[in-house]
Amino acid sequence: DVRLVRQATELAGVTVTATPAEFSPSRHGISTVVSDSALRKLPSLERNFTDFVALTPQVSTNVRTGGLSAGGVNNRFNHIQIDGASETDLFGLGATGQPGGQASGKSIAIESVKEYQVLLTPFDVRQGNFAGLLVNAVTKSGTNDFHGTAYGFMRGDNFTRSQPYIREYENTQYGFAVGGPIARDRAHFFINPEFQRVNEPASGVFFGASGLTLNQADLDRFTTLLARDNIPAGSAAPVTNENPLTNVFGRVDVQLPWNTSLVLRHNFGRAEDDVFSRGSAGPVYDFPLSSNAYFFESTKNSTVLQLRTQFSNTFFNELIAGYNTIRDRRTPVVRSPQIQTSAPGATLRAGAERFSHANELDQDVVEITNNLTWSRGAHAFTVGGLASFYDVRNLFRQSSLGVWRFGNLDSLELRLANQYIVGVPVVGDGAVRFNAAVYAGYLQDQWIVSPNLTVSMGLRFDVPAFGDRPPSNPAVLAEFNRDTRNIPSGNLQWSPRVSFNWDVTGDQRNQLRGGIGAFTGHPAYVWLSNAFQNSGLTGVALLTCEDADAPPFSSANIANPPTQCADGTSASAGSEINLLADDMRFPQTGRVSLGYDRDLGRGLVSTLEAMYTVGMYSPFYENIALAGPQGQDVNGRVMYGPRPGAAVRRVATRGQVFEARNSEWKDRYTQLTAGLKRRFETNWEGSLFYTWSRARDVQTLTSSTAFSQLRFGRVWAGNLSDTRATRSSFEQPHRIVATGIYTFPTRTSVSLIYQGGSGRPFTYIASGDLNGDGFTLNDPVYVPTASEVPAMNFQSYTSGGATVTEAQQEAAFEEFIQSTDCLRENRGRILPRNDCGSPWTNTVNISVSQALPIFRQQNVSLQLDVFNFLNLLNENWGEQTFIDPQITLLDYRGLTDPAGSLIAGATTPAEPIYRFTVGQSRYSFSNIDSNYQFQLSLRYSF
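Draft legend 1. Structural view of the overall build of the chain. Helices and strands together make up the secondary structure of the chain, namely 13 helices and 51 strands. In summary, the chain has a C-alpha radius of gyration of 28 Å against a globular reference of 30 Å for 942 residues, a match within 12%. The burial tally for the chain puts 60% of its 942 residues in the buried class. Expressed as a percentage of contacts within the chain between residues at least 6 apart in sequence, the contacts between residues at least 24 apart total 74%. For the chain, the accessible surface area stands at approximately 34500 Å², while carbon and sulfur atoms represent 55% of it. Separation between the mean location of the 78 positive side-chain charges and that of the 86 negative ones in the chain comes to 5 Å.

Draft legend 2. Representation of a nonpolar patch on the surface. On the surface, Trp 447, Val 449, Met 457, Val 498, Ile 516, Val 592 and Tyr 612 cluster together into a nonpolar patch covering about 560 Å² of accessible area. Mapped onto the secondary structure, Met 457 falls in strand β24 (residues 453–466).

Draft legend 3. View of helix α11 (residues 806–818). Helix length check: α11, at 13 residues, gives a terminal C-alpha distance of 18 Å against a target of 18 Å (1.5 Å per residue), a fit within 8%. Looking at α11, one finds that the buried residues are Gln 809, Ala 812, Phe 813, Glu 814, Phe 816 and Ile 817.

Draft legend 4. Geometry of the state of the cysteines. Going through the model one piece at a time under the given rule, you end up with two disulfides. Each sulfur of the disulfide joining Cys 545 and Cys 565 lies 2.0 Å from the other. Its S-S torsion of approximately -85° makes the covalent link between Cys 545 and Cys 565 left-handed. Taken together, the positions of Cys 545 in strand β27 (residues 540–546) and Cys 565 in the loop between α8 (555–559) and α9 (571–574) put the pair 20 residues apart, joining distant regions of the chain. The pair Cys 545 / Cys 565 is uniform in exposure class, with both members buried. Paired through a disulfide, Cys 822 and Cys 836 show a sulfur-sulfur distance of 2.0 Å. Measuring handedness by torsion sign, the sulfur bridge of Cys 822 and Cys 836 sits at about 85° and is right-handed. Here the residue Cys 822 occupies a position in helix α12 (residues 821–824), and Cys 836 occupies one in strand β46 (residues 836–837), the gap between them amounting to 14 residues. The exposure classification of Cys 822 matches that of Cys 836, with both residues buried. Disulfide partners in the chain, listed by the sequence order of the bonded cysteines, are 1-2, 3-4.

Draft legend 5. Highlighting the sheet that holds β27. Strand order in the open sheet made by the six strands is β14-β18-β17-β21-β22-β27, with mixed pairing throughout. Edge positions in the sheet fall to β14 (285–288) and β27, since each of these pairs with one other strand and no more. Neighbour-to-neighbour, the strand axes of the sheet open up by a mean angle of 15°, direction not taken into account. One ladder, built from seven bridges, connects strand β22 (residues 419–425) with β27; its direction is antiparallel. Paired with Pro 425 across the bridge in β27 is Val 540.

Draft legend 6. View of the packing of aromatic side chains. Inspection of every chain in the model, using the stated rule, returns 34 aromatic pairs. For the pair Phe 315 and Trp 374, a centre-to-centre distance of 5.9 Å together with 10° between the ring planes defines the contact as stacked. Here Trp 374 lies in strand β19 (residues 359–376) and Phe 315 lies in strand β16 (residues 315–332), a separation of 59 residues in the sequence. With 5.0 Å between their ring centres and 75° between their planes, Phe 406 and Phe 553 make a pair best called edge-to-face. In this pair, Phe 406 sits in strand β21 (residues 403–406) while Phe 553 sits in the loop between β27 and α8, placing the two residues 147 residues apart along the sequence. Side by side, Phe 406 and Phe 553 carry an identical accessibility label, which is buried. Here the aromatic cluster, defined as three or more aromatic residues joined through ring pairs, consists of Phe 762, Tyr 764, Phe 794, Phe 813, Phe 816, Phe 916 and Tyr 923. Positioned above the aromatic ring of Tyr 294 is the side chain of Arg 330, whose terminal nitrogen or guanidinium carbon lies 3.9 Å from the ring centre.

Draft legend 7. Structural view of the pairing of strand β47 (residues 841–853). Sheet topology note: the strand β38 (residues 748–757)/β47 ladder contains ten bridges and is antiparallel. Bridge pairing links Leu 752 to Ile 846 in β47. Here eight bridges tie β47 to strand β48 (residues 859–867), and the two strands are oriented antiparallel to one another. Looking at the pairing, Ser 849 lines up with Gln 863 of β48.

Draft legend 8. Main features of the side chain of Gln 444. Position of Gln 444 among the secondary structure elements: in strand β23 (residues 432–450). Here the side chain of Gln 444 touches Asp 124 through a polar contact of 3.2 Å, side chain to side chain. Of note is the side chain of Gln 444, whose polar atom sits 3.0 Å from the backbone nitrogen of Val 125.

Draft legend 9. Representation of unusual backbone geometry. Of note in the backbone geometry, Asn 259 takes a positive phi value of approximately 55° without being a glycine. As for its position among the elements, Asn 259 is in the loop between β12 (245–256) and β13 (260–275). The backbone of Arg 602 sits at a positive phi, close to 55°, despite the residue not being glycine. On the secondary structure map, Arg 602 appears in the loop between β29 (588–601) and β30 (604–623).

Draft legend 10. Looking closely at the environment of Val 789. Mapped onto the fold, Val 789 is located in the loop between β41 (782–783) and β42 (793–794). Counting along the chain gives 24 residues from Val 789 to Phe 813, while the straight-line C-alpha distance between them is 8.1 Å. The contacts of Val 789, once residues within four sequence positions are left out, are Pro 784, Phe 794, Glu 810, Phe 813, Glu 814 and Arg 827.

Draft legend 11. A look at the pattern of salt bridges. In the structure shown here, the tally under the stated rule is 44 salt bridges. Arg 393 serves as the salt-bridge partner of Asp 362, at 3.5 Å between the closest nitrogen and oxygen. Here the residue Asp 362 occupies a position in strand β19, and Arg 393 occupies one in strand β20 (residues 379–396), the gap between them amounting to 31 residues. Across the pair Asp 462 and Arg 460 runs a salt bridge whose closest N-O atoms are separated by 3.1 Å. Among the charged side chains, a salt-bridge network with shared partners connects Arg 327, Arg 329, Glu 360, Asp 362, Asp 364 and Arg 393.

Draft legend 12. The nonpolar core, seen in detail. By size, the foremost hydrophobic cluster in this structure holds 40 residues, and its most contacted members are Leu 214, Phe 222, Phe 287, Ile 339, Leu 412 and Phe 553. Of all elements in the fold, only α4 (216–227), β14, β17 (338–343), β18 (346–350), β21, α5 (409–413), β22 and β27 reach the threshold of two or more residues within this core. At four residues, α4 tops the list of elements feeding residues into this core. Leave out the neighbours within four places in its chain, and Phe 553 touches Asp 229, Ile 231, Ile 339, Trp 404, Phe 406, Leu 412, Arg 415 and Ile 558. In terms of nonpolar packing, the next biggest core, distinct from the first, is built from 36 residues, Val 438, Ala 524, Tyr 525 and Ala 581 among them.

Draft legend 13. Inspection of the sheet that holds strand β4 (residues 79–82) at higher detail. In space, the five strands of this open sheet follow the order β1-β6-β7-β4-β5, with mixed pairing throughout. Where the open sheet ends on each side, the last strands, each with one partner, are β1 (31–34) and β5 (85–86). Bridge count for strand β6 (residues 113–119) against strand β7 (residues 134–139) is six bridges, and the pairing is antiparallel. Considered in β7, the bridge of Val 118 is made with Val 135.

Draft legend 14. Focus on the side chain of Thr 917. With respect to the helices and strands, the residue Thr 917 is situated in the loop between β50 (912–915) and β51 (933–941). By relative accessible area, which is 8% here, Thr 917 ends up buried. When near neighbours in sequence (up to four residues on either side) are disregarded, Thr 917 contacts Thr 213, Pro 283 and Tyr 797.

Basis of the calculations
Residues numbered from 1 in each chain as written. Predicted model: local features only at pLDDT ≥ 70, side-chain atom pairs only at ≥ 80, totals over all residues. Heavy atoms only, no water. Helix = DSSP H or I, 4+ residues; strand = E, 2+ residues; numbered from the N terminus. Rg over C-alpha atoms; globule rule 2.2 N^0.38 Å. Buried < 20%, exposed > 50% of the residue type's maximum accessible area, 1.4 Å probe, protein only. Contact = heavy atoms within 4.5 Å. Areas by Shrake-Rupley, 256 points an atom, 1.4 Å probe, with all protein chains shown as cover. Lys, Arg positive; Asp, Glu negative; His and termini not counted. Charge placed at Lys NZ, Arg CZ, Asp CG, Glu CD. Patch = residues over 30% accessible without salt bridge, like charges linked within 9 Å, V, L, I, M, F, W, Y side chains within 5 Å. Salt bridge = Lys/Arg side-chain N within 4 Å of Asp/Glu carboxyl O. Expected span 1.5 Å × (residues − 1). Disulfide = S-S within 2.5 Å. Pairing = 2+ DSSP bridges. Axes fitted to C-alpha atoms, helices over the stretch in contact; angles between N-to-C directions. Phe/Tyr/Trp six-rings, centres within 6.5 Å; stacked < 30°, edge-to-face > 60°. Lys NZ or Arg CZ within 6 Å of the ring centre and 35° of its normal. Polar contact = N/O pair within 3.5 Å; in protein donor to acceptor, adjacent residues only side chain to side chain. Core = buried A, V, L, I, M, F, W, Y, C linked by side-chain atoms within 4.5 Å.

Scope: geometric values only; no functional claims are made or implied.
Here you go:
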């Protein structure tokens, strides 16, 4: 019975010790454990959990942002735990899911972690609050002996190849950890403070970089025109971002009477970050000047109490109570409106970054979990529940200083804006406050059917609820028959799960495991907060004025941003409205997994795994202010207006009413994995895994505002209401992960990580608004046939003092199509979503460490890590590129008839005019990750 209790406890994800290639009767699904030895010996560039979770074969990651996708599922559907307690930024602004993630903050220092558990299909119903990936960090504790370590890590620009885009780069990390007895056998402590200082060059191009065709005259003209109105422009030169981090973790373990143990933990994190980057892919580069940077700071405090009681040989109870506070502040480096305009080769931007004009976030989270396990005969029954309470204060007064957009430099000089955006506080300072909760309950039976077969059956329910609602906006109700007060609250979601583990031959050489179940997670709460922020009666009313309706760009309007359009439309009457369907469910996925493990002897195990995921409920965004399709253009593109920027609205004064609802059972994800793993034995261990993936979704949601979700969620030429699933931006079709650690008798260790994988999917687009829906930069290009290219309309431009003619652009465009597979294969039709992909990437990181005993149990170890070792061998190897899901191929410049229509059969037909940048590069490898880096570390332990 005691064995059953311990086995059931392992399933909670707190003390799991199995790895993908180990046999364990408690392991039914797909999981990976990164052990203590791997954390100490494998090279880690950021010394963050993302470096190690990315070693899971079914997990793909964007190494620039750290966003982790489990088999193609949205990274914001993940959940992070420390010792079974929540450690997640529920608001979801950062890609990694860690508190302070926007400032590159870490949830916990690696030195505090004993192992990481990466769970994709934990069929134990106690595991919830995720629909993608669950990561649990098991922390270290003190013992009856004093043990400790002091360490330091260092790398910088002096330890890599000299490159014009790498300068003033430095990363230092230092700290110490100490653990020992407070009272022997009764109470123990562990503490680990860690500090990190980073100076890193901003990503993207800079003036003078290869591939950027922006000329000095246009840049000088832009800065001069801004100076006319005392708007700081900043620099076009390379920029260095600073990023200091502080983490302090402490833990106390106490043995109490009545077979009870108590654990008290506190986790502090502080992150500060300069945030600035430029585009890395042309031909039209996103090119902000340094005045468009912002500063981010985040402070996190998390306190958790864990109480475990063994009532008898058959009853075991675990109580976890946690309280987390997160305080985030985002501040622009200048106080001015944001100005944006187009120039040949670049979209120029300067002034205060629009989303940082006033941006503060306070989060308070209280979570209580209790699990009672009762063993009887061959059964281990578990009953438990969770209550999570979430309070938020969000000040997001975006664009409150004004955002002015101009078609080109001539328009800026003439003060003729083609768009004006302003955020106007509706009540007070515009901050919104709301509280939410999630209640869960579950029941489970783990049944040892026979010595060779274990079956688990469980049922879980989750009930998300809101304690507050936005006010009802009567104008929106009258115009769109939607009540802004209606939000999804109290919608019950069931998660049944069944799984098994079968020792097929009874000799622990052939293990078959699998299961089926549903997993209910939380969305990024920022998606739901949009309804409170943009009801028209609370938060900030975001007003957008297009073309002739934009107010005059004058010194007076710059100093005091107008709150209505030139036609008199006020912020309250014409602002963006965000709605949530009241029957909307939180993200929920259904998963089926099957795994087979074969013990080949000598510690070597082969593994085959298959996982299929379906999005039962996924968020879907639509602009219900549009009147609907108005026809198609000659290429089959569905049109929502006769020309760019002329969307036909249902209500004349309001063009942006974004509703979030569910797409149901449309998203599909499949992964097949094969690999070998050798457990640590005779001084070495290693693994090699390959995963094939296929990911299809309706929208790939990576933004925080409804506007951006709809704009960038999918590049689409069809009906915007269509919920057909196509290739996801998270898909990585092929991925190979290999690790190896060998320890010599001389106490010298050599370790290696290899990661190879397909590049990121993307779509070539045209700038402008080709389908007339009111959104730019999300319209895929039509790929003309060879006979159609000469009929296209190109506009000449000047580059380097020379004129690039229409004929030169025509020839270069044809050559580009012929040399690009995804374009050449789609001639004569609109490019499908994400049909292109960046190059395959190979990355090898190696580490060599030497332990030097001093006396007694004291040691000093030296370690050298080499990141991107292939690039050290050859400067053309190991290159990496970071691209957006949409890459501008053609720069839209207008219509042959400005008053004409693109709709096929219109009485006033028109054709688009483009610019194609001759000599544009497909990818940029000018980033620090494409270069090798050395890291030196020194560690003293006792």
